[in-house]
Amino acid sequence: MGKRIAGTTRSDAERDAITVEIGFAVLTGAFAAALVYGVIAGPAWYFDLPDALRSVAAVAACLTFVARVVQVLWRFPRPGRGLTGHLPGRRPETPAGQPSQPGRTSPDS
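Rules of the game
Residues numbered from 1 in each chain as written. Predicted model: local features only at pLDDT ≥ 70, side-chain atom pairs only at ≥ 80, totals over all residues. Heavy atoms only, no water. Salt bridge = Lys/Arg side-chain N within 4 Å of Asp/Glu carboxyl O. Helix = DSSP H or I, 4+ residues; strand = E, 2+ residues; numbered from the N terminus. Buried < 20%, exposed > 50% of the residue type's maximum accessible area, 1.4 Å probe, protein only. Expected span 1.5 Å × (residues − 1). Polar contact = N/O pair within 3.5 Å; in protein donor to acceptor, adjacent residues only side chain to side chain. Contact = heavy atoms within 4.5 Å. Lys, Arg positive; Asp, Glu negative; His and termini not counted. Phe/Tyr/Trp six-rings, centres within 6.5 Å; stacked < 30°, edge-to-face > 60°. Axes fitted to C-alpha atoms, helices over the stretch in contact; angles between N-to-C directions. Parallel < 35°, antiparallel > 145°, perpendicular 65-115°, else oblique. Left-handed = near helix turned anticlockwise from the far one by under 90°. Nonpolar A, V, L, I, M, F, W, Y, C, P; charged D, E, K, R; others polar.

**Q** Looking at this structure, how should I read the pattern of salt bridges?
**A** If charged atoms from side chains of opposite charge come close, those side chains can pair. Across all of its chains, the model carries two salt bridges by this definition. Between Arg54 and Asp51 there is a salt bridge whose closest N-O contact spans 2.5 Å. With Arg54 and Asp51 both in helix H2 (residues 51-75) and three residues apart, the pair spans about one turn of that helix. Exposure remark for Arg54: the relative accessible area of 19% places this residue in the buried category.

**Q** Sorry, what's going on with the environment of Phe76 here?
**A** Considering the arrangement of structural elements, one finds Phe76 in the segment after H2. With relative accessibility at 11%, the residue Phe76 sits in the buried group. Taking the C-alpha atoms as reference, Phe76 lies 8.4 Å from Ile18; in sequence the two are 58 residues apart.

**Q** Which parts of the structure should I look at to understand helix H1 (residues 12-46)?
**A** Along an α-helix, residues three or four apart share an orientation, since each turn contains 3.6 residues. In this model, H1 (35 residues) spans 49 Å end to end at C-alpha, consistent with the 51 Å of a helix rising 1.5 Å per residue. Of the positions making up H1, those classed as buried are Glu14, Ala17, Glu21, Ala25, Gly29, Ala32, Ala33, Ala41 and Ala44.

**Q** What exactly am I supposed to notice about the side chain of Arg54 here?
**A** Side chain to side chain, Arg54 and Asp51 meet in a polar contact 2.5 Å long. Residues within four places of Arg54 in sequence aside, it is in contact with Tyr37, Ala41, Ala44, Trp45, Asp48 and Leu49.

**Q** Just to check I follow, could you spell out the side chain of Glu21 for this structure?
**A** Position of Glu21 relative to the elements: it lies in helix H1. Here Glu21 sits buried without a salt bridge, and the closest side chain of opposite charge, Arg75, lies 6.8 Å off (N-O distance).

**Q** Looking at this model, I keep getting lost on the packing of aromatic side chains. Mind explaining?
**A** Two descriptors summarise a pair of aromatic rings, namely the distance from one centre to the other and the angle between the planes of the rings. Counted by the stated rule, this structure contains two aromatic pairs. With 5.9 Å between their ring centres and 70° between their planes, Tyr37 and Trp45 make a pair best called edge-to-face. Ring centres of Tyr46 and Phe47 lie 4.9 Å apart, and the angle between their planes is 85°; on these two criteria the pair is classed as edge-to-face.

**Q** Would you mind showing me how to read unusual backbone geometry here?
**A** What you tend to see is this: most non-glycine residues have negative phi, and most peptide bonds are trans. Positive phi outside glycine occurs at Asp48, with the angle close to 55°. Along the chain, Asp48 turns up in the loop between H1 and H2.

**Q** Honestly, the packing of H1 against H2 in this entry has me stumped. Any pointers?
**A** How two helices pack is summed up by the angle between their axes together with the distance between the axes. Running from N to C, H1 and H2 point in directions that differ by 160°, and their axes come no closer than 8 Å. By the angle between their directions, the pair H1 and H2 is classed as roughly antiparallel. Here H1 runs over H2; the crossing is right-handed. Taken together, the residues of the contact of H1 with H2 break down into 22 nonpolar, three polar and three charged.

**Q** How do you make sense of the environment of Val36 when you look at a structure like this?
**A** Topologically, Val36 is positioned in helix H1. Each C-alpha atom of the pair Val36 and Ala58 lies 8.7 Å from the other, and the pair is 22 residues apart in sequence. With residues up to four places along the chain from it excluded, the contact list for Val36 reads Ala60, Ala61 and Thr64.

Structure follows, in structure tokens:
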């Protein structure tokens, strides 16, 4: 069953979804950082430019990695923000007055 974390009980599906999302964030962050580093440091190595450019490339790559990880994880639905997310077995909440299924209308419309 689920473990108790900060006053909530998470199911196995929720924990798996969080794990996958963290893995996705780290992998895409590493890929983006490698691209940024290659774009900046590549010409520095090829044209024998100053070493300071390689340092700038390293800093830019680190910032890119952190920014990508934060961007992906910030968009991940959290129970406290009123979003149910895309977890298996969960149905999204519908606002009052909205049909419960797409393509269907309310009885009084």
